[in-house]
Amino acid sequence: MLNFPEPPKEYSSVFLEETDKTLPDKIDSNLRYAFFSTIATGGKSLIKSCKDLHLSRFVCYKTLRPEFADDEVEQQRLIREARVSAMLQHPNTVPTYELGRDKKGHPYFTMKLVHGYTLRELLDYRERYDLTQLIEVVTQIGLCLAYAHKHGVAHRDIKPENILVGPYGEVLLLDWGLAKVWHPDGAGLEDKDDKQRKSVEIKDITLTGHGNAQGTPHYMSPEQVNQEPSINYKTDIFSLGAVTYEILCGQTPAQGEKLHHVIESVLNEVPASPSKVTTMRVPQLLEEVVMKSLQKDPDKRFESMDDIVRLLQQDWKSDLVGSIS
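Keep in mind that what you see is a predicted model, and the values were worked out from it rather than measured. (Residues numbered from 1 in each chain as written. Predicted model: local features only at pLDDT ≥ 70, side-chain atom pairs only at ≥ 80, totals over all residues. Heavy atoms only, no water.)

Turning to its location among the elements, Thr252 is positioned in the loop between helix 8 (234–249) and helix 9 (259–268). You can call Thr252 buried: its relative accessible area is 10%. Separated by 2.8 Å, the side chain of Thr252 and the backbone oxygen of Ala254 make a polar contact. Here Thr252 is in contact with His218, Tyr219, Tyr245 and Glu246, once residues within four sequence places are set aside. (Helix = DSSP H or I, 4+ residues; strand = E, 2+ residues; numbered from the N terminus. Buried < 20%, exposed > 50% of the residue type's maximum accessible area, 1.4 Å probe, protein only. Polar contact = N/O pair within 3.5 Å; in protein donor to acceptor, adjacent residues only side chain to side chain. Contact = heavy atoms within 4.5 Å.)

Further remarks concern the nonpolar core. Within the largest apolar cluster, 47 residues are counted, with the highest numbers of intra-cluster contacts made by Leu119, Leu173, Trp176 and Ile247. Counting residues per element, the ones that place at least two in this core are helix 4 (119–123), helix 5 (131–150), strand 8 (163–165), strand 9 (171–173), helix 8, helix 11 (284–293) and helix 12 (305–312). Ranked by residue count, the leading element in this core is helix 5, at ten residues. Not counting residues up to four positions away in its chain, the partners in contact with Ile247 are Leu119, Leu123, Arg126, Leu131, Leu134, Ile135 and Val138. (Core = buried A, V, L, I, M, F, W, Y, C linked by side-chain atoms within 4.5 Å.)

Quick look at the pattern of salt bridges now. Scanning all chains against the criterion turns up twelve salt bridges. Residue Arg32 pairs with Asp52 through a salt bridge whose shortest N-O separation is 2.9 Å. One end of the pair, Arg32, is in the loop between helix 2 (16–19) and strand 1 (33–41); the other, Asp52, is in strand 2 (residues 45–52), and 20 residues separate them in sequence. We classify Asp52 as buried; its relative accessible area is 2%. Of the charged contacts in the structure, one is a salt bridge between Lys150 and Asp306, with a shortest N-O distance of 2.9 Å. Taken together, the residues Lys150 in helix 5 and Asp306 in helix 12 connect sequence positions 156 residues apart. Where salt bridges share partners, they join Lys44, Glu74 and Arg77 into one cluster. (Salt bridge = Lys/Arg side-chain N within 4 Å of Asp/Glu carboxyl O.)

See the structure below:
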């Protein structure tokens, strides 16, 4: 089990004066939350902790940054994220409590406040953690994605920054704002956000101020880079494979100092096997799972996330498993 500091006492303790205080006869939703404190700032969103005065608990409050608060596309993404998270009731998703609008009419949603570290933070100190612990994190995310896929949702933004590991064994997949949802007849739903993304050139994808590629592009599947309309659940298989590759050998499968180099790597370069990159011993089964997940052609990857989970749950430490057909 991964070790974490205990959450602050004011977040976790239960007091009689809080559980038994009087509930007002008339509830004003605009006065429900107080004691806001920013805990994270995303590219376009703000995540705060605050106290729910009705239930006497601290929760996570997510809204858009002021400069994006009136953007209809970003509002749609935030609302979609809240509803997808709420509808996917799985142990590896964060429970959603409320979706609403503030006094200015801007959308927000609240969810469970979980203290812990992202997988990115864990990988920054990779030497502290046993491979078994990290592969268990991947397995839990695989279970979450298997559930989501069966319910018609692809996440499309699997990366270490979106995986949270809590102090009591929680493993949570965050940020469903880029999720793709399908109609019951199997047709993909194209929304304003999808249409806008199609007009975005590759050079615009996630650059730092110094022009170096960061984050998402290293984990994108080729079909996601090409913005193919036929993209399906197998894009998540590729991305989770890229995360697992990094766990095994300490670097992402796509390499390059500049963004266009990373994109070229994703599209055309076959990554070296993890065992050829690292001096650490890499279990054969895990290497084979990763390399099959990273196939450029989606049809050559695993058929489903269930197939990956079953393999990860095997005794890969023994190194006695043969090749995967």
